[in-house]
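Summary of structural features
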Amino acid sequence: MTAKTVLYQKWSRHLMLLTVFLMPLGSFVYSTPAIAEEASSTSASNSVSTLSDVTTVTQNVYVSPKGSDYLGSGTVQAPYRTLPKVRSVLRDTYSERPAGGTTIWLREGEYELSATLELNELDSGTAEQPITYRNYPNEQAVITTAKTIDPTLWKPLNAEAAARVHPAVYADQLVELDVQSLGLKNTSGFPGGTTFTKEWGIVDLIVDGVREPISQWPNPQQKIGKNRAGWVTMNGSADPQSFYYGEGGQPKDGITTDEVNADQTDRTARWQRSIEQGHDLYLKGFWRTDFDPVTSKVESIDTTRHIVRLVDIPEGGIGSKWSKEVPVFPSTNPSPSGTVVPFTVPDQSPVTIHDDTYVTKDVYVTQNVYTQPSVPVSPLTVTSVTYQVYRVGTGTEEWQALNLLDEIDMPGEWALDFKDQKIYYYPDGDINKQNIIIADRTGPIIKLTNASYLNFIGLTIEGGLNNGIEMQSSHHISLDSNTIRNVGGGGVLDYYGHHNIMQNNTIYETGSFGMSIGYAGNRDTLTPAQSVITNNHIHNTGTLIALEGLIITQSIGMTISHNLIHDVPKHGIRYVYNNDLLFEYNELHHISLEDGDAGAFYTAQDWTSYGNVLRYNYVHDSPRANGFYADDGDSGDTFTNNIVSGVSKAFLFGGGHHNRATGNLIVNATSGIQIDDRGIARKYTADSSYAEQLMAKNPGAEPWKTYGRVLADTYGYDSNLWQNILNSKWHPEYPNGTHFKDNAVVQSGALVIPKKGAVIIQNNPRISSIQSAKLNPNTTTGVYTENPTILAIFPNINQIYPQIGLQKENTTSTSS
């Protein structure tokens, strides 16, 4: 019996919680769909136009892009044409639905919606009469709100545009599209204005099912100098809203090479000419931190002084927050001395390294701090900003240019010119033979509100500027074996739901997240959601806005298992403010491809989020990410029997309580674990906002009072859990109750432990090399390792490893 099972049994016994029965997908009864070639009068009895004539257990209704809403009857021979028509028919016959429910079969083709398909309680089924939308066997049904573009509408470039084309391509290789004549709405500019992080919101171009890349410099796979592909770096700050791209700055790395013009295409001069002509240039940059990049409009480029000036001052000013400060003086009263404000190391407790065999060096919690002596600089004359302290920059702040005709140099690239109201495009192939759609509608493609007992199986959903499927206050919804792609928002958003199943879906090429679940269940009353997220393949998300593959927030009582998540720009899974989540058998790799300071599994800033269990997960090949990251005081997570390979820190516990890692295998990590006491300097005390969050749950009264006792009993915490955390004498600013025990550490860096706090670190054997560990992660035999040290720590690793990630035998067939 697992710890999770014990917790639920004890919790139910103490709290007398009533839960709603979750009917599995297998209990739904479907009749066999009629096949068009064999349709006859007998098959019509299974597929009738009005529910009053139904004589079978389950009714089948057919819809096809080749059908007719006026002449059709919903049979396989005479299908309806649109989904709104089907919705209308079902609403009109709500009281006449058959005992086994209704299945709507979508035939091959594209279902172009003029607005969001909205379903609510009027469109819902029941436990005995579910409503199912699914693809017809062996046929692809695509649901979209995008607009189909006639290939003949693309024209040769106008003279002014042709003059701006990149020197590496010919103007006749590009075409233009007049977006005003098409009545497209989201073409005048970014909704976020001149500075934003999350408000992309302009039209999207999709060709033959592929979301074409918006123009970018450097190109995604292009390396400039020693930078990572797709990025260049600043050469130091010029003032709070300007930076050097060539000589003139004082970067820590000392490199002031002009990377922007290194290819001899006179790039900055070309950009400045376009700006002077009224064309917008936007740069996406890590102006101050290595996470959450900010997209900013450029005001001007000084090609003589090698300075790029933004329209707005990024929050905190340009320059890494780890570089030294420089004051800006108004031009009317410049500083007489011109000296900088001295920079000091932030007040942070140094970690103490115990003299044990598994510890190799001293480190500080706050790393990579630029502490070079202050250098006098000339006072700056500033006319458009008030007095403000900014930072000189380290020379590692990354940036890239986006959405500019001048940088279209690869087939497939395109740009939307806000001034010209044109899309400029470099076709990849014969444009006259391509299926081209443009996403322009801002609502979700499918939206469920107060809906229940609906199933969506085997559908392809694409081509909107918002989310693919959005669910609000809906329950007993099943999303099974769908493909959600090419959307400007996220794949699936589910808020205030419960008893929902999301399984076997493929989600990719989303502008922001893959899936986002919020307020599932009720944390205040400790009512579990009992929703399930399993066997989904989520990848290449956050292509416009850097967000996670999976987000879960303010939820309780869910199982997340067997998912494969990879190639995401930020955290793989972010779960914040949750209780009793079970993460198991998930595989995550190539995480944090864009952001820094990230985790494959990431949570943060909560003393109430106890009871989350992470076991049997495999994180690998993510050198920019940490494996399991409990950030800034987050508490109460249990990490057991996970495999973490090729990451920065395998486990990073940033000042929280009762985070416990046992029985894990760590391979080739920069650091095996960091447990720090940042809560001392950052004042995670008994009167902090963290304590206020816990007090808001009223932990001295039911149900949280009993929940605290159940947690303590189940996981071995202090018996007076909540009372201790809220007691200043217990020192909640220390990482008390945190354990790192019985973990195998292979070919990895130092273990970092705090100076203060009741922390247990013991029996973590180190193995010097991967070869001596005898690991075989690519095994087809199921034998991951035969190393006795690892097997003593993780006895069933060879049985667990083959079960991690996608399980193809669990998928629902959509072709038969």
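Shown above is the structure to which this text applies.
To start, this report covers the structure provided alongside it. Remember, predicted model here, so these are calculated numbers, not experimental data.

**Focus: the overall build of the chain**
Scanning the chain from terminus to terminus reveals twelve helices and 58 strands. Counting across all 816 residues of the chain, residues that qualify as buried make up 59%. Counting contacts in the chain only where the partners sit at least 6 residues apart, residues at least 24 apart contribute 68% of the total. For the chain, the accessible area works out to roughly 31,500 Å², and carbon and sulfur atoms hold 49% of it.

**Digging into helix H8 (residues 704–715)**
Taking 1.5 Å as the rise per residue, H8 with twelve residues should run 16 Å; its terminal C-alpha atoms sit 16 Å apart, in good agreement. Most of H8 sits inside the fold, with nine of its twelve residues counted as buried. Listed as buried for H8 are Trp-704, Thr-706, Tyr-707, Gly-708, Val-710, Leu-711, Ala-712, Thr-714 and Tyr-715. Positioned one or two residues after H8, Gly-716 has a phi angle of 75°, which is positive.

**Focus: unusual backbone geometry**
Each neighbour pair has its own omega, and for Trp-217 with Pro-218 the value is -5°, a cis peptide bond. Note that Pro-218 resides in the loop between strand S13 (216–217) and strand S14 (232–233). The omega angle of the peptide bond from Glu-702 to Pro-703 is 5°, so this bond is cis rather than trans. For Pro-703, the location among the structural elements is in the loop between helix H7 (689–696) and H8. One non-glycine residue with positive phi stands out, namely Ser-592, at about 60°. Checked against the element boundaries, Ser-592 lands in the loop between strand S43 (587–589) and strand S44 (598–604). Classification of Ser-592 by relative accessible area gives buried; the value is 0%. For Tyr-616, which is not glycine, the phi torsion reads 60° and is therefore positive.

**Quick notes on the nonpolar core**
Residues Ile-143, Ile-552, Phe-601 and Phe-651 are the most contacted members of the largest nonpolar core, which totals 75 residues. The element best represented in this core is helix H3 (residues 83–92), accounting for four residues. The residues contacting Ile-143, other than those within four sequence positions of it, are Leu-83, Leu-106, Tyr-111, Leu-113, Ile-445, Ile-446, Leu-459, Thr-460, Ile-461 and Glu-462. Judged by nonpolar contacts, the second largest core, of 31 residues, contains Trp-200, Ile-214, Ile-431 and Leu-544.

**Observations concerning the sheet that holds strand S7 (residues 147–148)**
Backbone-to-backbone hydrogen bonds pair the strands of a sheet. The strands run either parallel or antiparallel. A sheet is described by the order of its strands in space; here four strands give the open sequence S7-S25-S11-S12, paired in antiparallel fashion. The open sheet terminates on both sides in strands that have one partner only, identified here as S7 and strand S12 (210–211). Inspection of the sheet shows strand S11 (residues 204–207) paired to S12 by two bridges, in the antiparallel sense. Of the residues in S12, the one forming a bridge with Val-207 is Val-210.

**Considering the sheet that holds strand S9 (residues 175–178)**
The four strands are arranged S8-S9-S24-S23 in an open sheet whose pairing can be described as antiparallel. Only two strands of the sheet have a single neighbouring strand rather than two, namely strand S8 (155–156) and strand S23 (414–417). The pairing of S9 with strand S24 (residues 422–425) spans four bridges and is classified as antiparallel. Residue Asp-178 lies in a different strand from S24, and its bridge partner there is Lys-422.

**Some remarks on the side chain of His-539**
Within the fold, His-539 resides in strand S37 (residues 537–539). Reaching out from His-539, the side chain makes a polar contact with the side chain of Asn-540 at a distance of 2.7 Å. With residues near it in sequence (within four places) discarded, His-539 still touches Thr-506, Ile-507, Tyr-508, Glu-509, His-566 and Asp-567.

**Looking at the pattern of salt bridges**
Scanning the model with the defined rule gives 29 salt bridges in all. In this structure, the salt-bridge partner of Arg-164 is Asp-420, at a minimum N-O distance of 4.0 Å. Here Arg-164 is found in the loop between helix H4 (159–163) and S9, whereas its partner Asp-420 is found in the loop between S23 and S24, with 256 residues between them in sequence. Its relative accessible area of 6% is what places Arg-164 among the buried residues. For Arg-267, the salt bridge is made with Glu-407, and the minimal N-O distance between the two is 2.9 Å. In this pair, Arg-267 sits in helix H5 (residues 267–276) while Glu-407 sits in the loop between strand S22 (398–402) and S23, placing the two residues 140 residues apart along the sequence. Overall, Arg-267 belongs to the buried group, its relative accessible area being 1%. Within this structure, Arg-164, Asp-406, Asp-417, Lys-419 and Asp-420 form a network of salt bridges that share partners.

**Some remarks on the packing of aromatic side chains**
The tally for this structure, following the rule as stated, stands at 39 aromatic pairs. Aromatic side chains Phe-190 and Trp-200 sit 4.8 Å apart centroid to centroid with 55° between the ring planes, which places their arrangement in the tilted category. Of the two residues, Phe-190 is situated in the loop between S9 and strand S10 (195–196) and Trp-200 in the loop between S10 and S11; the sequence distance between them amounts to ten residues. The interplanar angle of 45° and the centroid separation of 5.6 Å between the aromatic rings of Trp-704 and Trp-722 together place this pair among those described as tilted. You can see Trp-704 sitting in helix H8 and its partner Trp-722 sitting in helix H9 (residues 721–725), a full 18 residues away along the chain.

**Describing the pairing of strand S46 (residues 618–622)**
Along S46, four of the five residues are buried, which leaves the element largely enclosed by surrounding structure. Summarising the sheet, S43 and S46 pair through three bridges and their orientation is parallel. Bridging from a neighbouring strand, Leu-588 pairs with Val-619 of S46. Bridging between S46 and strand S49 (residues 643–647) involves four bridges; their strand directions are parallel. By the bridge assignment, Ser-622 is partnered in S49 with Val-647.

**Examining the environment of His-658**
On the secondary structure map, His-658 appears in the loop between strand S50 (649–654) and strand S51 (660–662). The sequence separation of His-658 and Pro-735 amounts to 77 residues, and the corresponding C-alpha distance is 7.4 Å. When residues no more than four places from it in sequence are discounted, the contact partners of His-658 are Tyr-610, Gly-636, Asp-637, Tyr-717, Asp-718, Leu-721, Trp-730, Asn-736, Gly-737 and Thr-738.

**Notes on H5**
Burial within H5 is extensive, with eight of its ten residues counted as buried. For H5, the set of buried residues is Arg-267, Thr-268, Ala-269, Arg-270, Trp-271, Gln-272, Ser-274 and Ile-275. After H5 finishes, the residue Gly-278 shows a positive phi value of roughly 100°.

**Let's talk about the environment of Gln-762**
On the secondary structure map, Gln-762 appears in strand S57 (residues 760–762). As for Gln-762 and Asp-742, which are separated by 20 residues in sequence, their C-alpha atoms are 6.7 Å apart. Excluding residues that lie within four positions of it along the chain, Gln-762 makes contacts with Phe-740, Lys-741 and Asp-742.

**What about the environment of Ile-507?**
Residue position: Ile-507 is located in strand S34 (residues 506–510). For Ile-507, a relative accessible area of 0% translates into the label buried. Each residue touching Ile-507, except ones within four places of it in the same chain, is listed here: Ile-484, Gly-491, Val-492, Gly-514, Met-515, His-537, Ile-538 and His-539.

Conventions used here
- Residues numbered from 1 in each chain as written.
- Predicted model: local features only at pLDDT ≥ 70, side-chain atom pairs only at ≥ 80, totals over all residues.
- Heavy atoms only, no water.
- Helix = DSSP H or I, 4+ residues; strand = E, 2+ residues; numbered from the N terminus.
- Buried < 20%, exposed > 50% of the residue type's maximum accessible area, 1.4 Å probe, protein only.
- Contact = heavy atoms within 4.5 Å.
- Areas by Shrake-Rupley, 256 points an atom, 1.4 Å probe, with all protein chains shown as cover.
- Expected span 1.5 Å × (residues − 1).
- Core = buried A, V, L, I, M, F, W, Y, C linked by side-chain atoms within 4.5 Å.
- Pairing = 2+ DSSP bridges.
- Polar contact = N/O pair within 3.5 Å; in protein donor to acceptor, adjacent residues only side chain to side chain.
- Salt bridge = Lys/Arg side-chain N within 4 Å of Asp/Glu carboxyl O.
- Phe/Tyr/Trp six-rings, centres within 6.5 Å; stacked < 30°, edge-to-face > 60°.

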